[in-house]
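Results of the structural survey
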Amino acid sequence: MALDVGGTGMKAALVGPDNERLHEARRATDRERGPEPVLEEVLGFAAELAATGTGLLGAPPVAAGVAVPGIIDEPRGVAVYSANLGWRDVPLRELLAQRLGGVPVALGHDVRSGGVAEGRIGAGSGVDRFLFLPLGTGIAGAIGIDGRVEPGAHGGAGEIGHIVVRPDGPECGCGQRGCLETLASASAVGRAWRDVCGDPVASAVDAARAVERGDARALAVWEDALAALADGLVTAITLLDPRTVIIGGGLAEAGDVLFGPLREAVRRRVTFQQLPTIIPAALGDAAGCLGAGLLAWDLLSAEVTSR
């Protein structure tokens, strides 16, 4: 079974060994209630999913994978810090295993889990070095290397959203100013477009549609965001030298309105760096959940091998 916990919603699935989704469910996270109620909601949702699996398939899940945002200590199974959920040092793997009756549990970072899925069964399949970059509420990255995703020494690898691209830019929740995600995430683009157009519910997708219509105001918002994104990507390309950059998240839904100008903006900025292929993600918002399922199967395979 697989569970992807986000700041606004949770996605869950029962996943077969061939990555077939046998059952899917969604639920609001309701983080406004506070960290403890959110934790109980996650544990309860997992227990319900396990019960559903028993009812549908006649047997409980053999392993579970859960993906959450923030700083994750995967070896210890601890959600060290998640600003979106209000969690600090939550022993999530242990708590889930207890709630699920001793089922082995794998804990992963949401974006890295999405990167695992895109790398194995999505847009990065067969690519030896890739950077998976979802542009959603924030921006984080998953660094794919030979079929695995690099977590870093402390579980913080890939946090490209906190590269400072505009030192005098907007304040970021991390305490810096001008971080990439304050300028080029789907949330940031939607916020900038709302400020310009006056529609309090306008989104980044609405901004992209206005760009397609030739709205000069939308084009200015879009160009500012693309310039920041290209600057951040060139920094990442310089450090990581990926063969492919996979763009996902809400902003990727803009399609050619995003990818054509972005490829050109990156091309103009590189000097000695090798230009990677920049392509859209293949799995959409299911990537994190599918990745959590893959982590669960990996865990089960490792346990069988070690016996």
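All values reported here derive from a predicted model rather than from experimental measurement. (Residues numbered from 1 in each chain as written. Predicted model: local features only at pLDDT ≥ 70, side-chain atom pairs only at ≥ 80, totals over all residues. Heavy atoms only, no water.)

**Topic: the side chain of Thr-244**
Along the polypeptide, Thr-244 turns up in strand S12 (residues 244–248). Here Thr-244 falls in the buried class, since its relative accessible area comes to 7%. Every residue in contact with Thr-244, bar those within four places of it in the chain, is listed here: Val-127, Arg-129, Phe-130, Leu-131, Pro-276, Thr-277 and Ile-279. (Helix = DSSP H or I, 4+ residues; strand = E, 2+ residues; numbered from the N terminus. Buried < 20%, exposed > 50% of the residue type's maximum accessible area, 1.4 Å probe, protein only. Contact = heavy atoms within 4.5 Å.)

**Describing the side chain of Thr-182**
Turning to its location among the elements, Thr-182 is positioned in helix H4 (residues 181–184). Taking relative accessible area as the criterion, Thr-182 reaches 11% and is therefore assigned buried. If we skip the residues at most four places from it in the chain, Thr-182 touches Pro-170, Glu-171, Cys-172, Ala-188 and Arg-191.

**Description of the sheet that holds strand S6 (residues 78–82)**
Note: strands within a sheet are paired through backbone hydrogen bonds, in either parallel or antiparallel orientation. Taken together, the 3 strands give an open sheet; going across it, the order is S5-S6-S7, and neighbouring strands pair in antiparallel fashion. With one partner strand each, in any of the chains shown, strand S5 (71–73) and strand S7 (87–90) form the two edges of the open sheet. Strand-to-strand twist across the sheet, computed as the mean angle between neighbouring axes with direction ignored, equals 15 degrees. Here S6 runs beside S7; their pairing, made up of 3 bridges, is antiparallel. The residue bridging Ala-79 from the neighbouring strand is Val-90, located in S7. (Pairing = 2+ DSSP bridges. Axes fitted to C-alpha atoms, helices over the stretch in contact; angles between N-to-C directions.)

**Remarks on the environment of Leu-131**
By the element assignment, Leu-131 lies in strand S9 (residues 129–134). Owing to a relative accessible area of 3%, Leu-131 belongs among the buried residues under this scheme. Along the backbone, Leu-131 and Ile-237 are 106 residues apart, and their C-alpha atoms lie at a distance of 8.8 Å. If near-sequence neighbours (up to four positions away) are discounted, Leu-131 is found in contact with Gly-141, Ala-142, Ile-143, Leu-233, Ala-236, Leu-240, Pro-242, Thr-244, Val-245 and Ile-246.

**Quick notes on helix H7 (residues 216–240)**
Its 25 residues give H7 an end-to-end C-alpha distance of 35 Å, which sits within 8% of 36 Å, the value for a rise of 1.5 Å per residue. For H7, the N-terminal cap is Asp-215; the gap from its side-chain oxygen to the backbone nitrogen of Arg-217 is 2.8 Å. Two residues or fewer past H7, Asp-241 is found with a positive phi of approximately 50 degrees. (Expected span 1.5 Å × (residues − 1). Polar contact = N/O pair within 3.5 Å; in protein donor to acceptor, adjacent residues only side chain to side chain.)

**Looking at helix H2 (residues 92–99)**
Looking at H2, one finds that the buried residues are Leu-92, Leu-96 and Ala-97. Buried residues along H2 cover an arc of 130 degrees about the axis, so they all sit on one side. Looking at the buried side of H2, the elements it contacts are helix H1 (35–57), strand S4 (64–68), S7 and strand S8 (105–109). Phi for Gly-101, located one or two positions after H2, is positive at around 75 degrees. (Arc of directions from axis to C-beta.)

**Section: the pairing of strand S1 (residues 2–5)**
By the alternation rule, side chains of S1 split into Ala-2 and Asp-4 and Leu-3 and Val-5, which are all buried. Summarising the sheet, S1 and strand S2 (residues 9–15) pair through 4 bridges and their orientation is antiparallel. Bridge pairing in S2 links Leu-3 to Ala-12. Taking the residues between adjacent antiparallel strands as the criterion, S1 and S2 are bridged by 3 residues. In terms of strand pairing, S1 meets S4 through 3 bridges, oriented parallel. What sits directly across from Leu-3, in S4, is Val-66.

**Brief notes about unusual backbone geometry**
Of note, the phi angle at Asn-19 is positive, near 70 degrees, even though the residue is not glycine. Tracing the backbone through its elements, the reader meets Asn-19 in the loop between S2 and strand S3 (21–28). Backbone geometry places Asp-241, a non-glycine residue, at a positive phi of 50 degrees. Within the fold, Asp-241 resides in the loop between H7 and S12.

**Describing the sheet that holds strand S13 (residues 277–280)**
Spatially, S11-S10-S9-S12-S13 is the arrangement adopted by the 5 strands of the open sheet, whose pairing is mixed. A strand with exactly one partner marks an edge of an open sheet, and here the two such strands are strand S11 (148–149) and S13. Bridging between S9 and strand S10 (residues 142–145) involves 4 bridges; their strand directions are antiparallel. Each bridged residue has a counterpart across the sheet, and for Phe-132 the counterpart in S10 is Ala-142. Against the sheet, helix H3 (residues 110–121) touches S9, S10, S11 and S12, its axis set at about 130 degrees to S9. The sheet strands contacting H7 are S9, S10 and S12, and the helix crosses S9 at an angle near 155 degrees.

**Comments concerning the nonpolar core**
Formed by 44 residues in total, the largest nonpolar core has its most connected members in Trp-222, Leu-229, Ile-247, Leu-262 and Val-266. Of all elements in the fold, only S9, helix H5 (186–197), helix H6 (204–212), H7, S12 and helix H8 (256–269) reach the threshold of two or more residues within this core. Counting 29 residues, the second-largest nonpolar core is a separate cluster that includes Leu-3, Met-10, Ala-50 and Leu-100. (Core = buried A, V, L, I, M, F, W, Y, C linked by side-chain atoms within 4.5 Å.)

**Description of the packing of H6 against H7**
Relative to each other, H6 and H7 sit at 120 degrees, their axes nearing to 8 Å. Judged on the interaxial angle alone, H7 and H6 are oblique. As H6 packs across H7, the resulting crossing turns out to be left-handed. Facing Ala-204, Ala-207, Ala-208, Ala-210 and Val-211 of H6, the residues of H7 in contact are Ala-218, Leu-219 and Trp-222. Grouping the constituent residues of the contact of H6 with H7 by class yields 8 nonpolar, no polar and no charged. (Parallel < 35°, antiparallel > 145°, perpendicular 65-115°, else oblique. Left-handed = near helix turned anticlockwise from the far one by under 90°. Nonpolar A, V, L, I, M, F, W, Y, C, P; charged D, E, K, R; others polar.)

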